[in-house]
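# Structural overview
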Amino acid sequence: MGFLNKLKGELIDIVEWLDPTNDTMVYRFVRGHDDNEIKNGAKLVCRETQACVFVNEGQIADVFTAGTHTLSTQNLPILSTLKGWKYGFNSPFKAEVYFVNTKNFTNNKWGTKNPVMMRDLDFGIVRVRAFGNYVMRVKDPAKFLKEIVGTNGKFTTDEITEQLKSMALTRFTDFLGESKIPVLDLAAQYDEISKGVMTKLGPEFEEYGIEITKFLVENISLPPEVEAAMDKRASMGAIGNLNAFTQYQTAVGIEEAAKNPSGNAGAGIGMGMGFAMANQMGQNMGQQQQQQAPPPPPMIQYFVSVNGQQQGPYPEQTLMQMLQQGTFTRESLVWKQGMAQWAQAGQVAELANVFNSVPPPPPPPPPPPAQ
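The following paragraphs examine the structure supplied in this document. (Residues numbered from 1 in each chain as written. Predicted model: local features only at pLDDT ≥ 70, side-chain atom pairs only at ≥ 80, totals over all residues. Heavy atoms only, no water.)

### Quick notes on the overall build of the protein
When helices and strands are counted, the protein shows 10 helices and 16 strands. Taking all 371 residues of the protein together, the buried fraction comes to 33%. Contacts spanning at least 24 positions in sequence make up 65% of the contacts within the protein whose residues lie at least 6 apart. With an accessible surface of roughly 23,100 Å², the protein has 53% of that area assigned to carbon and sulfur atoms. (Helix = DSSP H or I, 4+ residues; strand = E, 2+ residues; numbered from the N terminus. Buried < 20%, exposed > 50% of the residue type's maximum accessible area, 1.4 Å probe, protein only. Contact = heavy atoms within 4.5 Å. Areas by Shrake-Rupley, 256 points an atom, 1.4 Å probe, with all protein chains shown as cover.)

This is how it looks when you write it as structure tokens:
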């Protein structure tokens, strides 16, 4: 009786897997000993976000989706053929059962190990760094098992993320270089960049049976020294009138000197500094009133349509550089404030100087003298 109970316990009557982790992509079902056999009529419980793949002697057989299945000849057609069960089976059988996790695996990081070199219209050649994350899931369990997992009894995301990260970084760099988006406009193009990279990555991930469901760019940054220079430039713009700022600083200095009584000597020094500051402030105010120059004429800037996307605005000097680089032509569509609609650059009279500034091609060399 004890032998029968032992034999009965070793026959598998229910096949299921509860995932206790957050990173297991594939798990090979094992209960007790590796020699356990699955009996006829056993129940297969395949939960939502799971797929169950039966493998017979290294060959992929039947694949089950979510639900509770009774294992019999009718729902194991491929395995029945491999086993030679022409008229059904009554005895237990051995087969490997792989549970494939088809849920979305989130927060997979990617990022540039080294700066990416790119050419920018405003700053010339710059180096940028970028990072983000992506979401993936197993789309084709049989292909994923065949191409990636093999005979691995437990396969986690850590075993494939490095390869996928390299693919993501390569496609991101390629897309960023082809898009030619100015550095100052990158922050407004994160969504477009993410969608473009995701489109490039889709077919490559599907070769492994994986689907990328989301690709996100979290940040694209410049080197610290470039960012520091941009901060200084922004600070100068925030100050505005430098003479007025100097006068304000001088007035603050006079007030602080008057509040600092440090004896007769100190008072004398403070008074002298106050007269000097007041004299300097008066000279600055007088020079400003006498030599106030008229403001410079407003700089006209144009928006440019590149591959259906709006870029800019750019001053005429930048358009000249773009013309020399071949990224701006007379057929390019432009728009500025005051124009009713977009127009070809060659039809805008104000841009005649831009096209006339580029010299025509040099004449051909003279023919060699006759001998």
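Following the structure, the description resumes.
### Comments concerning the packing of aromatic side chains
Going through the model one piece at a time under the given rule, you end up with 10 aromatic pairs. Both rings, one in F144 and one in F155, keep their centres 5.7 Å apart while their planes meet at 85 degrees; by these two values the pair is edge-to-face. On the criterion of sequence distance, the pair formed by F144 in helix α3 (residues 141–149) and F155 in strand β11 (residues 154–156) is long-range, its members being 11 residues apart. We classify F155 as buried; its relative accessible area is 5%. Between the aromatic rings of F303 and W335, the centroid separation amounts to 6.0 Å while the plane-to-plane angle is 40 degrees, which identifies the pairing as tilted. You can see F303 sitting in strand β13 (residues 301–306) and its partner W335 sitting in strand β15 (residues 333–335), a full 32 residues away along the chain. An aromatic cluster is defined as three or more aromatic residues linked by ring pairs; in this entry it consists of W17, Y27, F29 and F99. (Phe/Tyr/Trp six-rings, centres within 6.5 Å; stacked < 30°, edge-to-face > 60°.)

### Examining the sheet that holds β11
A sheet is described by the order of its strands in space; here five strands give the open sequence β5-β4-β7-β2-β11, paired in antiparallel fashion. Bordering the open sheet on either side are β5 (59–64) and β11, each of which pairs with just one other strand. The average angle at which neighbouring strand axes cross in this sheet is 20 degrees, direction not considered. One ladder, built from three bridges, connects strand β2 (residues 24–28) with β11; its direction is antiparallel. Bridging from a neighbouring strand, T24 pairs with T156 of β11. (Pairing = 2+ DSSP bridges. Axes fitted to C-alpha atoms, helices over the stretch in contact; angles between N-to-C directions.)

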